[in-house]
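Here's the letter readout for the chains.
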Amino acid sequence: MSDSTAIASPLAFDPEAHGWSPYADEGFIGLVGPFWTRPGEGPAPHFAFLAEPKHHNRRGVLQGGMMMTFADRSMGMTAWYVNGERPQATVQLDVHFIDAVQIGEFVEADVEVVRRTRQIIFVRGTFRVGKRIVATADGVWKTVRPPEEPVAA
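The structure contained in this document is the topic of the report that follows. Within every chain, residues take consecutive numbers counted from 1 along the sequence as written. For a predicted model such as this one, the threshold for reporting local features is a pLDDT of at least 70, and the threshold for listing and counting side-chain atom pairs is 80 or more; totals across whole chains, interfaces and linings nevertheless cover every residue. Based on all heavy atoms of the structure, the side-chain values leave hydrogens and waters out of the count.

**Observations concerning the sheet that holds strand β2 (residues 35-38)**
So, step 1. Note on pairing: DSSP must find at least two bridges between two strands before they are called paired. Helix numbering and strand numbering both begin at the N terminus, where a helix is a DSSP run of H or I of at least 4 residues and a strand a DSSP run of E of at least 2. Pairing in this open sheet of 7 strands is antiparallel, and the strands run β1-β2-β3-β5-β6-β7-β4 from one edge to the other. Across the chains shown, the open sheet's two edge strands, defined by having one partner strand only, are β1 (21-23) and β4 (88-97). The average undirected angle you get between the axes of adjacent strands in this sheet is 30 degrees.
So, step 2. As paired elements, β1 and β2 share 3 bridges and run antiparallel to each other. Note that in β2 the partner of P22 across the bridge is W36. Every axis in this analysis is a line fitted to C-alpha atoms, fitted for helices over the stretch in contact. Angles between the N-to-C directions lie between 0 and 180 degrees.

This is the structure in structure tokens:
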């Protein structure tokens, strides 16, 4: 099977049939998504995405930038929920690619908050297709002042 055949093949996995709901976002995620969610054990939901033909690289597998985008959003949203839905910004994100994701595969995020201080949240993520780990990541998020708060003189 050539790369172009693999890219053009229809997607067989239906996230909604497996209990996932689409995660709506009109910004950048709306362009590269959809991402999917379902309830988690804590305040944050689980996140996932289906590797679609639009996500392929020149080798016909998932583009690394898509995995990094997914890591940033799933880990950042988990930190946001755990942090009382306060505004925050990604300070650092290290992603390690372990195995290629094929187009048509469903990638799930297992995310944990490792430590939280007043302003900094340390997060770790494991990204998998079924039981196969395809990437890991560590990141740091900083709580930021909401835009409506005036700067102290």
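What follows picks up the thread again.
**Some words on the pattern of salt bridges**
So, step 1. In what follows, salt bridge is the name for a side-chain nitrogen of Lys or Arg lying within 4 Å of a carboxyl oxygen of Asp or Glu. Scanning the entire structure with this criterion turns up 7 salt bridges.
So, step 2. Where D25 meets R73, a salt bridge forms, and the shortest distance between an N and an O atom there is 2.8 Å. In this pair, D25 sits in the loop between β1 and α2 (28-32) while R73 sits in helix α3 (residues 64-82), placing the two residues 48 residues apart along the sequence.
So, step 3. In this structure, a network of salt bridges that share partners links the residues D99, E105 and R132.

**Thoughts on α3**
So, step 1. The span one expects for a helix is its residue count, reduced by one, times 1.5 Å. Helix length check: α3 (19 residues) gives 27 Å between terminal C-alpha atoms against 27 Å at 1.5 Å per residue, within 8%.
So, step 2. Only protein chains enter the accessibility calculation, which uses a 1.4 Å probe. A residue is then buried if its area is under 20% of the maximum for its type, exposed if over 50%, and partly exposed in between. Listed as buried for α3 are M66, M67, T69, F70, A71, S74, M75, G76, M77, T78 and A79.
So, step 3. Backbone geometry just after α3 places G84 at a positive phi near 70 degrees.

**Some remarks on the pairing of strand β5 (residues 106-116)**
Put simply, side chains in a regular strand alternate between the two faces of the sheet.
So, step 1. Sheet topology note: the strand β3 (residues 46-50)/β5 ladder contains 4 bridges and is antiparallel. Paired with F49 across the two strands is V107, which belongs to β5.
So, step 2. Relative to strand β6 (residues 120-129), β5 runs antiparallel, the two being bridged by 8 bridges. Of the residues in β6, the one forming a bridge with E108 is R128.
So, step 3. Hairpin connection of β5 to β6: 3 residues between the antiparallel strands.

**Side note on the nonpolar core**
So, step 1. As used in this record, nonpolar core signifies buried Ala, Val, Leu, Ile, Met, Phe, Trp, Tyr and Cys residues forming a set joined through side-chain atoms within 4.5 Å. With 28 residues, the main nonpolar core has F49, M67, F70, V101, V107 and F127 as its most contacted residues.
So, step 2. Elements with a minimum of two residues in this core: α2, β3, α3, β5, β6 and β7 (132-143).
So, step 3. What M67 contacts, discounting residues up to four positions off in sequence, is L62, F97, V101, V107, F127, V134 and A135.
So, step 4. Membership of the second largest hydrophobic core comes to 5 residues, among which are W20, W36, L50 and F106. Any two residues whose heavy atoms approach within 4.5 Å are treated as being in contact.

**Examining the pairing of β3**
So, step 1. Taking burial as the measure, the 5 residues of β3 include 4 buried ones, the bulk of the element.
So, step 2. In this structure, β2 lies alongside β3, joined through 4 bridges in antiparallel fashion. Across the sheet, residue T37 finds its bridge partner in β3, namely F47.

**Re the environment of Y81**
So, step 1. Relative to the helices and strands, Y81 is located in helix α3.
So, step 2. Judged by its relative accessible area of 25%, Y81 falls in the partly exposed class.
So, step 3. As a C-alpha pair, Y81 and A44 span 37 residues in sequence and 5.4 Å in three-dimensional space.
So, step 4. In contact with Y81, not counting residues within four places along its chain, are P43, A44 and P45.

Fair warning: the whole summary comes from geometry, so function is off the table for now.
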